[in-house]
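For reference, the chains in residue letters:
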Amino acid sequence: MCKATRRPKPPSLQVIVTVTGGVADVLFKSPGVAVTLYDYDVQGSDKDDTRISKDPDNEPCCVREWEPSDSIVGNEQWPVVKKATQGVYSRVWKCPGCDRTVTVSYEDLAEAGSPICTDCEREMDML
């Protein structure tokens, strides 16, 4: 197929919304994408709260909007954002007997407890 008739590859568009403790927020969006977030968890809010409005169906909610030109975070920061959203946090542990070090995630610590050195079978210390 000649180059003149090839269609260009469409841009990769992505929006990432996080929900933590009932609070939703846009963590990442591609440039040129508008985002509107409707949060219906408004029970118990003061009726005079200026953040509360109505959706197109006249239901009470909090509406947050990001315009296509709004930049949330640049693609160059995406590895940091991805790591934060995956929740993989770890600490380095060291064996007091043989000085061996290992990196253990918090998830592994929650399941297995303090790591044991595989070389000398001693409990390791967190650095």
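Keep in mind that what you see is a predicted model, and the values were worked out from it rather than measured.

1. Here we look at the environment of G97
Point 1. Counting through the fold element by element, G97 comes out in the loop between β6 (90-94) and β7 (101-105).
Point 2. With 20 residues separating them along the chain, G97 and C117 place their C-alpha atoms 8.9 Å apart.

2. Section: the side chain of K29
Point 1. Mapped onto the secondary structure, K29 falls in strand β2 (residues 23-29).
Point 2. Using a relative accessible area of 2% as the deciding quantity, one classes K29 as buried.
Point 3. Engagement of the side chain of K29 in a polar contact is seen with the backbone oxygen of V33, the distance being 2.8 Å.

3. Here we look at the packing of aromatic side chains
Point 1. On inspection of all chains with the given rule, the structure shows one aromatic pair.
Point 2. Between the aromatic rings of Y38 and Y40, the centroid separation amounts to 6.4 Å while the plane-to-plane angle is 20 degrees, which identifies the pairing as stacked.
Point 3. Classification of Y38 by relative accessible area gives partly exposed; the value is 35%.

4. Things to note about the confidence of the model for the chain
Point 1. Averaged over every residue, the pLDDT of the chain is 77; the share at 70 or more is 75%.
Point 2. Mean pLDDT across the elements of the chain bottoms out in helix α1 (residues 78-86) (61) and peaks in strand β3 (residues 35-39) (87).

5. Examining the sheet that holds β7
Point 1. Across the sheet, which stays open at both edges, the three strands sit in the order β7-β6-β8 with antiparallel pairing between neighbours. The sheet is open, and its two edges are formed by β7 and β8 (125-126), each paired on a single side.
Point 2. Relative to β7, β6 runs antiparallel, the two sharing five bridges. Looking at the pairing, K94 lines up with T101 of β7.

6. Re the sheet that holds β3
Point 1. As summarised here, the arrangement of the three strands in space is β3-β5-β4, forming an open sheet in which the pairing is antiparallel. Looking along the sheet, the strands with just one partner apiece sit at the ends: β3 and β4 (52-54). Pairwise comparison of adjacent strand axes, ignoring direction, gives a mean angle of 55 degrees for this sheet.
Point 2. Examined bridge by bridge, β4 and strand β5 (residues 60-66) share three bridges and lie antiparallel to one another. The partner of S53 across the bridge, within β5, is C61.

Cut-offs used in this document
- Residues numbered from 1 in each chain as written.
- Predicted model: local features only at pLDDT ≥ 70, side-chain atom pairs only at ≥ 80, totals over all residues.
- Heavy atoms only, no water.
- Helix = DSSP H or I, 4+ residues; strand = E, 2+ residues; numbered from the N terminus.
- Buried < 20%, exposed > 50% of the residue type's maximum accessible area, 1.4 Å probe, protein only.
- Polar contact = N/O pair within 3.5 Å; in protein donor to acceptor, adjacent residues only side chain to side chain.
- Phe/Tyr/Trp six-rings, centres within 6.5 Å; stacked < 30°, edge-to-face > 60°.
- pLDDT = per-residue confidence, 0-100.
- Pairing = 2+ DSSP bridges.
- Axes fitted to C-alpha atoms, helices over the stretch in contact; angles between N-to-C directions.

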